[in-house]
Amino acid sequence: MSGPGFSWQRLRAMMFKEFIQMRRDRLTFAMMVGVPMMQLILFGFAINSDPRNLPTAILDRDQGVFSRALIARMGASGYFRVVEPLSDAEAETGLAEGRIQFVLTIPEGFTRNVSRGTHPALLIEADATDPAATSNALSTLTVLADHALDRELTGPLSAWRRPAAPFTLQVHRRYNQEGITQFNVVPGLMGVVLTMTMVIMTALAMTRERERGTMESLLVTPLRPIEVMLGKIIPYVMVGYIQMSLILLAARLIFAVPVMGNIGLLMLASMVFIMANLAVGFTFSTIARNQLQAMQMGFFYFLPNILLSGFMFPFRGMPEWAQAVGEILPLTHFLRIVRGVMLKGNGVGEIVGEVGALGLFMLIVTTIALKRYRQTLD
Amino acid sequence: MNAAIEVHGLTKRFQGRTVVDHLSLTVAQGRIMGFLGPNGSGKTTTMRMLCGLLTPDEGEGRCLDLDIRTQSHAIKRQVGYMTQKFSLYEDLSIRENLDFVARVHGLPDRRLRVEEALERLGLTARRDQLAGELSGGWKQRLALASCLLHKPRLLLLDEPTAGVDPKARREFWEQIHAMAAEGLTVLVTTHYMDEAERCHAIAYIAHGRLLATGSVGEVIARAGLTTFSVTPLHAGTATASLAQRLSGLSGIDLVAPFGSVLHVGGADRDALLKTLIPFRQDDRFLWREDTPTLEDVFIHLMPAVDARPS
């Protein structure tokens, strides 16, 4: 930047122009609204980290009271859907072909051996290629096995009941009692959608000027870099808020996600996040030579954000280096803010650190963007 | 009064390739300077350096009494630059484009000026049409109107009439001359000889170097060319084979057909005349010495540069 002066009037002129262009570009405009809606439906309805009703084949060689009781309890847990009894070979191919998730083999004489107290072994085989698909069901089964037959073990057999632990464990699943995936995913989506559209839209808006040759005219006007930058960014801040409002509305009406905290606070904190992403997009536009490159850079940035931020996978499950990278990404901090405010009812005190991190990121990227934006064609 | 443009030793290199090579140029206020030269000779780069879009690697100069290195922001306010490619917003309407330029320049009576410009253009009725839908000639008029909106003192026009029909070109030049009469200085690049002849002065550059400058008459006189026009005496005789036999002979720098007439010329008069002796005895052609045209001069200047290894 050189010389004096920042002019509101020039900034307004730039913004006004951007708004008109945005309005004329129907496809892009439709994308701004369409992309969040599509992601919301795909992620919101499709993702479930706690799958139930898993197809389970049971090879019951016992056909006794206890085996039937055990099968009934498993079905009642909701995790297992018992499929028609199959032969050993069919169960084997079923697992191999992925049509069956679990095979439970109940040995002959199971009921008799339980009655005798000889602890017969049951075999549960799982298709564990996707650990996430089986782990919840299996841990439920382990707990269930302890007391599955309590009701049947009456009279003299009651001696075989497993004694209760000398203490009781009370589990409070706070902020998301029923462990509903949507409560986690839908607020997170807000961050994902904003990251994607904000970065790509600004990067495109700037490179378009260069590609169409209008940059040359823009550069010979008295417009300052900061005016061009803000003029490009502010209209998209508004687009960002429209997207946020849409998702918030859908979260409330379609997915019944609770909003425990203050919406106003969330909106305010989001401003920093939106600006940070727009600054990233602007920086990309100073590097990219055409719109295609800008688009590619946008996706390149999008990938680590979606994978390392804790949106897709638990943040604490990542190795330390990945967490360190994740801490740099704005989406990581925004997810903590949005989940904190919506699910936990966080207030200013709890989120101020995360907002600070976003602010720092924004400042650094904005400085880079302004340094790179040249007022000449050199 | 100082000159509107006065630059010395202007040099610009792109990745080691010298695009503009120690160019010095002076344009007096209120003059129209034609800027000529083959494609890629550095005309656009020079213009961009003049209005602050590019920083010269070497050289210095003043534009409207402002330093082109340090005061480019102030220069931009007083210069109208019309780019080679149409560079207004195709997805904005005619009025919106003008309005944007007016706002960015912070013009006080914006609405009025935009209305005036529309009226002058004769586009008041089509003001809400998208600029992208205009034909080439109208785009050129709109582009010119938009770079005149802030009443600049210097106009830089980069091939403003490329692809524009003769009538529109004529109107365009009338407008330029009228404004120059009021004190506007114009630097205009063109490939058309008739346009070069409409300029008060011309500058010819090739490979980034200024090869000739002055009024059209001066440039022609300084080239020191002797030219003949060769007219076939019978309708069926073609000049093509004559042209082939002539080109490359010593003393002949220029062989160029103009319709059925052939222009032959050279800088060394004695050598030319000596070489031509046998040819002039050919009674199928009428040889007549005439004054060289601007185009003859340029065609003569060009190969001298092309021969240089680039």
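### Some thoughts on the overall build of chain B
So, step 1. Within chain B, the regular secondary structure consists of 11 helices and 14 strands.
So, step 2. The dimensions of chain B, computed from C-alpha atoms along their principal axes, are 70 × 45 × 35 Å.
So, step 3. The 310 residues of chain B split such that 52% are buried.
So, step 4. Taken as a whole, chain B presents about 14,000 Å² of accessible surface, with 50% of it coming from carbon and sulfur.
So, step 5. Here chain B carries 36 positive and 37 negative side-chain charges, and the mean point of each set is 3 Å from the other.

### Here we look at the environment of Phe35 of chain B
Residues and elements named next belong to chain B.
So, step 1. Examined against the element boundaries, Phe35 turns out to sit in strand β3 (residues 32–36).
So, step 2. The spatial distance from the C-alpha of Phe35 to the C-alpha of Gly248 is 29 Å, given a sequence separation of 213 residues.
So, step 3. Residues in contact with Phe35, not counting those within four places in the same chain, are Lys43, Thr46, Leu187, Val188, Thr189, Thr190, Ala203 and Ile205.

### Considering the layout of surface pockets
Residue and element names in this part refer to chain A.
So, step 1. Its boundaries defined by the atoms lining it, the largest pocket holds a volume of some 1,600 Å³.
So, step 2. Along its surface, the largest pocket is lined by 44 residues, and Asn176, Asn184, Gly310, Pro314 and Arg339 are the ones closest to its centre.
So, step 3. Looking at the lining of the largest pocket, the element that brings in the most residues is helix α13 (residues 330–344), giving seven residues.
So, step 4. Counting residues domain by domain, the lining of the largest pocket receives three or more from each of domain 1 (8–47 + 180–372) and domain 2 (54–160).
So, step 5. Considering only enclosed or pocket space, the second largest pocket measures out at about 650 Å³ in volume.
So, step 6. Taken together, 24 residues line the second largest pocket, and the ones lying closest to its centre are His119, Pro120, Ala145, Asp146 and Leu149.
So, step 7. Of all the secondary structure elements, the ones that give two or more residues to the lining of the second largest pocket are α3 (65–76), α5 (110–116), β4 (123–126) and α6 (131–147).
So, step 8. The greatest single-element share of the lining of the second largest pocket, amounting to six residues, is contributed by α6.
So, step 9. Here the lining of the second largest pocket is built from residues that sort into 16 nonpolar, four polar and four charged.

### Topic: the domain arrangement of chain B
So, step 1. Looking at chain B, the domain boundaries give domain 1 (5–219) and domain 2 (225–291).
So, step 2. Computed from C-alpha atoms alone, the centre-to-centre distance between domain 1 of chain B and domain 2 of chain B is 39 Å.

### Focus: empty space enclosed by the protein
So, step 1. Summed over the entire model, instances satisfying the criterion amount to one cavity of 30 Å³ or more.
So, step 2. The computed volume of the largest cavity comes to approximately 250 Å³.
So, step 3. Lining the largest cavity are 22 residues, with Ser217 and Val220 of chain A together with Tyr81, Leu88 and Ser146 of chain B sitting closest to its centre.
So, step 4. Mapped onto the lining of the largest cavity, the elements with two or more residues apiece are α8 (214–220) of chain A together with β6 (79–82), α3 (94–104) and α5 (136–148) of chain B.

### Digging into unusual backbone geometry
So, step 1. In the Ramachandran plot, Asn53 of chain A falls in the positive-phi region, its phi being about 55° despite a non-glycine side chain.
So, step 2. Position of Asn53 of chain A among the secondary structure elements: in the loop between α2 (26–46) and β1 (54–60).

### Points about the domain arrangement of chain A
So, step 1. Under the domain assignment used here, chain A contains domain 1 (8–47 + 180–372) and domain 2 (54–160).
So, step 2. With centres defined by C-alpha atoms, the gap from domain 1 of chain A to domain 2 of chain A works out at 49 Å.

### A closer look at the environment of Lys76 of chain B
So, step 1. Relative to the elements of secondary structure, Lys76 of chain B occurs in helix α2 (residues 72–78).
So, step 2. Lys76 of chain B sits 29 residues away from His105 of chain B along the chain, and the two C-alpha atoms are 9.8 Å apart.

### A look at the sheet that holds β1 of chain A
Residue and element names in this part refer to chain A.
So, step 1. Ordered by their spatial adjacency, four strands build an open sheet running β2-β1-β3-β4, and the pairing between neighbours is mixed. Only two strands of the sheet have a single partner each, and these edge strands are β2 (80–82) and β4. Mean inter-strand twist for the sheet, computed between neighbouring axes without regard to direction, equals 30°.
So, step 2. Relative to β2, β1 is paired through three bridges, and the arrangement is parallel. For Pro55, the partnering residue across the bridge sits in β2 and is Arg81.
So, step 3. On top of the sheet, α3 reaches β1, β2, β3 (102–106) and β4; it is set at about 180° to β1, its chief contact.
So, step 4. Across the face of the sheet, helix α4 (residues 88–97) comes into contact with β1, β3 and β4 while running at roughly 155° to β3.

### Description of the nonpolar core
So, step 1. Core analysis: the largest hydrophobic core is formed by 110 residues, its most contacted members being Tyr236 of chain A together with Leu156 and Leu187 of chain B.
So, step 2. If one sorts the elements of this core by residue count, helix α7 (residues 181–211) of chain A sits on top with 17 residues.
So, step 3. The residues touching Tyr236 of chain A, leaving out its near neighbours within four places in the chain, are Glu18, Met22, Met32, Met198, Met201, Thr202, Ala205, Arg208 and Leu278 of chain A.
So, step 4. Formed by 49 residues, the second largest nonpolar core is a distinct cluster that contains Leu123, Phe172, Val188 and Ala206 of chain B.

### A word on the interface of chain B and chain A
So, step 1. In this complex, chain B contributes 27 residues to the contact, which on the side of chain A involves 27 residues.
So, step 2. Taking both partners together, chain B and chain A bury about 2,600 Å²; carbon and sulfur atoms supply 56% of that area.
So, step 3. It is Leu53, Tyr89 and Arg103 of chain B that lose the most area in chain B upon contact with chain A, and together they represent 23% of the buried surface on that side.
So, step 4. Our count for the chain B to chain A interface comes out at three salt bridges.
So, step 5. Across the pair Glu96 of chain B and Arg24 of chain A runs a salt bridge whose closest N-O atoms are separated by 2.9 Å.
So, step 6. For the pair chain B and chain A, the interface holds 11 residue pairs in polar contact (both at pLDDT 80 or more).
So, step 7. Mapped by element, the contributors of at least two residues to the side of chain B that touches chain A are α2 and α3 of chain B.
So, step 8. The leading source of residues in the side of chain B that touches chain A is α3 of chain B, at four residues.
So, step 9. A per-class count over the side of chain B that touches chain A returns 11 nonpolar, eight polar and eight charged.

### Things to note about helix α1 (residues 8–24) of chain A
So, step 1. The end-to-end C-alpha separation of α1 of chain A is 24 Å, in line with the 24 Å expected for 17 residues at 1.5 Å each.
So, step 2. Among the residues of α1 of chain A, those classed as buried are Arg10, Leu11, Ala13, Met14, Met15, Lys17, Glu18, Ile20, Gln21 and Met22 of chain A.
So, step 3. In this structure, the buried residues of α1 of chain A make contact with α2, α7, α8 and α9 (225–253) of chain A together with α2 and α3 of chain B.

Rules used throughout
Residues numbered from 1 in each chain as written. Chains lettered and ligands numbered in written order. Predicted model: local features only at pLDDT ≥ 70, side-chain atom pairs only at ≥ 80, totals over all residues. Heavy atoms only, no water. Helix = DSSP H or I, 4+ residues; strand = E, 2+ residues; numbered from the N terminus. Buried < 20%, exposed > 50% of the residue type's maximum accessible area, 1.4 Å probe, protein only. Areas by Shrake-Rupley, 256 points an atom, 1.4 Å probe, with all protein chains shown as cover. Lys, Arg positive; Asp, Glu negative; His and termini not counted. Charge placed at Lys NZ, Arg CZ, Asp CG, Glu CD. Contact = heavy atoms within 4.5 Å. 1 Å grid on protein atoms, 1.4 Å probe; cavity = no way out; pocket = protein on both sides within 12 Å on 5 of 7 lines; lining within 4 Å. Points joined across faces, edges and corners; volume = space filled by probe spheres on them. Domains from an automatic or database assignment. Nonpolar A, V, L, I, M, F, W, Y, C, P; charged D, E, K, R; others polar. Pairing = 2+ DSSP bridges. Axes fitted to C-alpha atoms, helices over the stretch in contact; angles between N-to-C directions. Core = buried A, V, L, I, M, F, W, Y, C linked by side-chain atoms within 4.5 Å. Buried area = accessible area lost by both parts, 1.4 Å probe. Salt bridge = Lys/Arg side-chain N within 4 Å of Asp/Glu carboxyl O. Polar contact = N/O pair within 3.5 Å; in protein donor to acceptor, adjacent residues only side chain to side chain. Expected span 1.5 Å × (residues − 1).

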